[in-house]
There are 2 protein chains.
Amino acid sequence: MALIVQKYGGTSVGTVERIKHVAKRIVASKRQGHQLVVVVSAMGKSTDDLIALAKQICDPPVPREYDALLATGEKVSAALVAMAIHAQGEKAVSLTGGQAGVVTESVYSKARIRKVNPERIFKELEKDQIVIVTGFQGESPEGDIITIGRGGSDTSAVILAAAIKADVCEIFTDVDGIYTTDPRICPAARKLDSIAYEEMLELASLGAGVMHPRSVEAGLEHGIVIHVRSSMHESSGTLIKEASTMEREKAVTGVALADEQAKMVIRDVPDKPGVAATIFSALGENKINVDMIIQATQKDGTNSITFTLDQDDLKPALRVLEEIAKMYSGSKIEYNDQIAKVSIVGVGMISQPGVAAKMFKTLADNGINIELISTSEIKISCAIAKAQGVKAVNALHKAFELDTVRQPQLV
Amino acid sequence: MALIVQKYGGTSVGTVERIKHVAKRIVASKRQGHQLVVVVSAMGKSTDDLIALAKQICDPPVPREYDALLATGEKVSAALVAMAIHAQGEKAVSLTGGQAGVVTESVYSKARIRKVNPERIFKELEKDQIVIVTGFQGESPEGDIITIGRGGSDTSAVILAAAIKADVCEIFTDVDGIYTTDPRICPAARKLDSIAYEEMLELASLGAGVMHPRSVEAGLEHGIVIHVRSSMHESSGTLIKEASTMEREKAVTGVALADEQAKMVIRDVPDKPGVAATIFSALGENKINVDMIIQATQKDGTNSITFTLDQDDLKPALRVLEEIAKMYSGSKIEYNDQIAKVSIVGVGMISQPGVAAKMFKTLADNGINIELISTSEIKISCAIAKAQGVKAVNALHKAFELDTVRQPQLV
């Protein structure tokens with residue numbers, strides 16, 4: 001008997017038929033003797049419908065009310081999944097984030113989960129209930145409804161798994177698992193049997209849409225094995241786990257493309273300490289995530305600071321930067337919202353030299369200009385023109401031999 | 001400056017445009033210097049949509065999950081109304097029943113409100129917020145989401161008004177006020193300027209759909225003046241208030257038709273004490289409301305017990321009665337689900353003899369057979385064939401001169 005957290009995404013619970021199918025899988029797991037906590041997203045596009053409704057009334061919407069509104073989507077699907085389980089003869093109870101003990105910080109729409117008080121969940125499990133928990137949401141210490149950002153249901157699932165010390169966290173999605181790259185843009189993409197947290201984290205952060213990065217982080221932090229698998233069939237998917245327990249095939253595990261990026265430049269700011277700090281503190285205070293950063297001294301002795309960010313954050317970032325530009329007379333702001341970021345990721349690259357050189361050469365050979373570069377121990381990212389994103393992915397996937405299976409080797 | 005509770009029904013918040021219109025009215029009241037607590041129903045037919053969804057998955061639905069599901073409808077509209085108010089420049093905060101301090105008994109789908117802890121509401125009012133509260137729901141002492149029955153938003157509004165000692169409770173609907181009878185079936189129907197709680201209570205219980213009976217009861221109990229008015233225009237509607245403060249026009253104030261009734265008969269049960277008690281206790285335990293009751297001794301010395309009930313309760317009532325019939329061998333159950341109940345209501349009839357006789361004669365003159373009769377001090381009801389309901393209403397409306405205005409006279 002294992003204690004399992006399962007998470008079903010919006011597509012998996014998108015229709016009455018799919019909800020019944022999901023219930024069947026849950027009931028089957030239960031009848032194998034497992035204890036189950038199930039995290040669900042909102043049905044299909046229902047969150048998008050609620051967003052559209054809100055924007056017709058108030059744009060930008062009031063954050064507190066926006067969260068209260070969006071949180072209803074998961075409440076609907078959680079109740080329906082619980083009913084579908086009842087209809088198949090097992091007991092189930094749906095809990096809101098608040099009822100399940102999920103306490104978030106008091107920040108609307110992008111809150112982090114502060115802690116989970118799992119008493120109610122354990123109480124229901126002891127009563128032989130299957131516990132359905134609304135993903136994507138919790139309650140502030142003041143008792144207000146808070147959402148934790150889109151895609152946050154994965155995070156809800158992994159953090160709940162950690163809080164109740166689950167044996168595994170199964171993320172059911174509409175894909176078979178984690179691929180070497182997005183199969184929709186690269187037909188040669190292959191499914192991976194396992195991937196290290198760190199690699200997945202880089203891939204998730206880079207826009208490989210399957211998993212929310214925070215959920216992988218939570219898995220890494222708490223040592224929760226995450227099993228990403230299809231809700232449509234029974235075959236196993238990809239295990240996200242510790243690198244040390246895996247055999248490695250290649251220097252590079254995956255290629256990722258994030259194509260909804262933007263680039264901003266603030267030119268002609270003074271070359272003195274504290275300027276970059278001022279800019280990025282202000283962006284941080286406004287909850288704008290900045291990605292790659294380059295600071296370069298120009299011929300006239302002033303600095304130019306370039307960075308990339310999500311397209312969605314471009315408008316608020318512009319407002320912040322325009323305020324800051326007033327402090328530095330003569331400074332100018334430029335931006336480009338047609339940017340993509342292509343990245344290669346692999347724990348294996350730590351031990352293999354020349355990986356970066358190979359990436360840059362591959363892009364150059366394909367006539368792709370690199371605008372910014374950023375690296376970590378297990379990742380190299382290049383900002384390029386959005387129009388060249390798909391070409392770059394296919395070229396890199398081939399160059400690093402991700403389309404072929406090699407004998408695994410221990411790192 | 002007054003403290004006002006306003007309630008907007010599902011039609012009033014049925015579209016984005018209507019929500020904006022409702023917000024405009026709320027903001028106008030606020031800018032007249034009033035403090036406002038606004039109770040909202042779910043948008044238009046959204047509750048019906050949720051019910052249909054639930055029934056596709058589990059029929060009958062699991063009560064706990066059904067409540068959690070249906071309660072999302074008001075959460076959506078409350079958040080949207082709050083946003084619409086923000087968009088018009090005033091501050092508003094939406095609260096769920098639980099957040100607003102509405103504590104219900106631990107019975108799903110039909111719970112009564114036990115108490116209201118209005119601290120949070122007062123806290124928000126002090127911060128100059130317009131407080132939007134989800135109607136139709138509260139929380140059990142255990143923290144589970146509970147609904148209080150359909151149409152319960154009126155009750156939420158009046159009980160909240162009592163809890164915060166509001167000056168008036170305004171119920172905004174898609175009709176102009178309370179009519180002498182349903183204008184859809186009787187073109188001669190007239191709007192009333194005021195009506196006594198007791199009269200309204202009878203009319204509401206009798207199926208005059210404008211107000212939920214429990215809300216009128218709550219108004220009576222706590223002395224809250226209820227103003228039923230149109231959300232579409234500014235003119236005043238009908239005040240529901242104490243009879244003693246009103247001038248009376250006629251013996252009869254209104255005629256009501258409830259046409260979704262059923263009749264049940266249990267025949268050949270022993271004529272001994274406790275039989276009726278057994279039957280009606282069992283029905284009561286199953287939360288089935290019974291209306292008119294006749295017990296008659298038959299020629300063979302056994303009893304027959306006839307009663308009317310809502311059509312919706314017929315199926316569960318049949319199950320209960322079949323169990324009971326097993327205790328009395330030879331007893332038989334019959335039913336008819338094509339029954340209507342036509343009623344005349346008026347505080348004035350206390351002081352005027354001959355009202356009942358006039359009602360029976362009017363029905364007889366129109367060829368309408370009376371199946372059961374029940375009376376109270378201010379009401380006479382007759383169960384008749386459903387097909388004759390509309391004819392009965394029009395005949396009685398004319399007979400009691402409800403289509404003409406007379407000089408008011410004090411009772």
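*Asks:* Before we move on, can you summarise the overall build of chain A with the specific residues and values?
*Replies:* Assigned secondary structure in chain A consists of 11 helices and 18 strands. Principal-axis analysis of the C-alpha atoms places the extent of chain A at approximately 75 × 55 × 35 Å. By residue count, 50% of the 411 residues in chain A fall in the buried class. Sequence separation of at least 24 residues holds for 75% of the intrachain contacts in chain A that already meet a minimum separation of 6.

*Asks:* Describe the packing of helix α5 (residues 152-163) of chain B against helix α7 (residues 213-222) of chain B, and please don't skip the residues or the numbers.
*Replies:* Residue and element names in this part refer to chain B. Between α5 and α7, the least distance of the axes is 7 Å, while the angle of their chain directions is 15 degrees. One way to sum up the angle between α5 and α7 is to call them roughly parallel. Remark: the crossing between α5 and α7 carries left-handed chirality. Here Asp154, Thr155, Ala157, Val158, Ile159 and Ala162 of α5 come into contact with α7, specifically with Arg214, Ser215, Ala218, Gly219 and His222. Across the contact of α5 with α7, the residue classes tally to 5 nonpolar, 4 polar and 2 charged.

*Asks:* Can you break down the sheet that holds strand β11 (residues 226-230) of chain B residue by residue, with the values?
*Replies:* Sheet strands pair via backbone hydrogen bonds, and the direction of the pair is either parallel or antiparallel. Residue and element names in this part refer to chain B. Strand order across the open sheet formed by 8 strands is β3-β6-β2-β1-β9-β11-β12-β10, with mixed pairing between neighbours. The open sheet is flanked by β3 (92-95) and β10 (194-196), the only strands paired with a single partner. Here the strands of the sheet are splayed against their neighbours by 20 degrees on average, with no regard to which way each runs. Alignment of strand β9 (residues 168-173) against β11, held across 5 bridges, turns out to be parallel. Directly across from Ile171, in β11, lies its bridge partner Val228.

*Asks:* Explain the sheet that holds strand β13 (residues 254-269) of chain A to me, and be specific about the residues and the numbers.
*Replies:* Residue and element names in this part refer to chain A. The 6 strands lie next to each other as β14-β15-β13-β16-β18-β17, forming an open sheet whose pairing is antiparallel. Edge positions in the sheet fall to β14 (290-297) and β17 (372-376), since each has one partner strand and no second. Between one strand and the next, the sheet's axes are offset by a mean angle of 25 degrees, whatever the strand orientation. As paired strands, β17 and strand β18 (residues 379-385) are joined by 5 bridges and run antiparallel to one another. Among the inter-strand pairings, Thr375 is bridged to a residue of β18, identified as Ile380. The strands touched by helix α10 (residues 355-365) within the sheet are β16 (332-345), β17 and β18, with β18 carrying the most contacts at an inclination of about 20 degrees.

*Asks:* An account of the interface of chain B and chain A is requested, with residue identities and associated values reported.
*Replies:* Each partner contributes residues to the interface: chain B has 28 residues there, and chain A has 28 residues. Secondary structure elements with two or more residues in the side of chain B that touches chain A: α1 (16-31), α2 (46-57), α3 (63-87) and β3 of chain B. With 14 residues, α3(B) is the largest single contributor of residues to the side of chain B that touches chain A. When the residues that make up the side of chain B that touches chain A are grouped by side-chain class, the tally is 18 nonpolar, 6 polar and 4 charged.

*Asks:* Before we move on, can you summarise the relation of the copies chain B and chain A with the specific residues and values?
*Replies:* In this arrangement, two copies of a chain are superimposed by a rotation about an axis accompanied by a shift along the axis. If you rotate chain B by 180 degrees and push it 0.0 Å along the axis, it lands on chain A with an RMSD of 0.1 Å. Here the transformation between the copies is reduced to the relation of a two-fold axis. Within chain B, the C-alpha atom positioned nearest to the axis of rotation is that of B:Thr72, 2.8 Å from it. When the interface residues of chain B are mapped onto chain A, 100% of them again fall at the interface, so both copies present the same face.

*Asks:* Give a description of helix α5 (residues 152-163) of chain A that names residues and reports values.
*Replies:* All names here are of chain A. The terminal C-alpha atoms of α5 lie 16 Å apart, and with 12 residues this matches the ideal 16 Å at 1.5 Å per residue to within 8%. By the criterion of burial, α5 is predominantly enclosed, with 11 of the 12 residues buried. Restricting attention to buried positions, one finds in α5 the residues Gly152, Ser153, Asp154, Thr155, Ser156, Ala157, Val158, Ile159, Leu160, Ala161 and Ala163. Positive backbone phi, approximately 55 degrees, marks Lys165, located one or two places after α5.

*Asks:* An account of the confidence of the model for chain A is needed here, citing residue identities and associated values.
*Replies:* The pLDDT averaged across chain A works out to 91; a share of 96% of its residues lies at or above 70. For this predicted complex, the interface confidence score (ipTM) comes to 0.75, while the overall pTM stands at 0.77.

*Asks:* Quick one: what's the story with the nonpolar core, residue by residue and with numbers?
*Replies:* Ranked by internal contacts, the top residues of the largest apolar core, which has 247 residues, are A:Val38, A:Val81, A:Ile132, B:Val81 and B:Ile132. Excluding residues within four positions of it along the chain, A:Ile132 makes contact with A:Val38, A:Val40, A:Ala78, A:Val81, A:Ala82, A:Ala92, A:Val93, A:Ser94 and A:Leu95.

*Asks:* Just give me the short version of the pairing of strand β14 (residues 290-297) of chain B, but keep the residues and values in it.
*Replies:* Residues and elements named next belong to chain B. Relative to strand β15 (residues 303-310), β14 is paired through 6 bridges, and the arrangement is antiparallel. Looking at the pairing, Thr297 lines up with Asn303 of β15. The antiparallel hairpin formed by β14 and β15 contains 5 residues in its connecting segment, where Gly301 sits at a positive phi of about 90 degrees.

*Asks:* Give a description of unusual backbone geometry that names residues and reports values.
*Replies:* Residue A:Pro60 follows A:Asp59 across a cis peptide bond; omega there is 0 degrees. When you line up the elements, A:Pro60 lands in the loop between α2 (46-57) and α3 (63-87). Despite not being glycine, B:Asp128 has its phi angle at roughly 70 degrees, a positive value. Structurally, B:Asp128 is set in the loop between α4 (119-126) and β6 (130-134).

Reading the values: rules and limits
- Residues numbered from 1 in each chain as written.
- Chains lettered and ligands numbered in written order.
- Predicted model: local features only at pLDDT ≥ 70, side-chain atom pairs only at ≥ 80, totals over all residues.
- Helix = DSSP H or I, 4+ residues; strand = E, 2+ residues; numbered from the N terminus.
- Buried ≥ 20, exposed ≤ 12 C-beta atoms within 10 Å, placed from the backbone.
- Contact = placed C-beta atoms within 7 Å.
- Axes fitted to C-alpha atoms, helices over the stretch in contact; angles between N-to-C directions.
- Parallel < 35°, antiparallel > 145°, perpendicular 65-115°, else oblique.
- Left-handed = near helix turned anticlockwise from the far one by under 90°.
- Nonpolar A, V, L, I, M, F, W, Y, C, P; charged D, E, K, R; others polar.
- Pairing = 2+ DSSP bridges.
- Least-squares fit on C-alpha atoms with pLDDT ≥ 70 in both.
- Expected span 1.5 Å × (residues − 1).
- pLDDT = per-residue confidence, 0-100.
- Core = buried A, V, L, I, M, F, W, Y, C linked by C-beta atoms within 7 Å.

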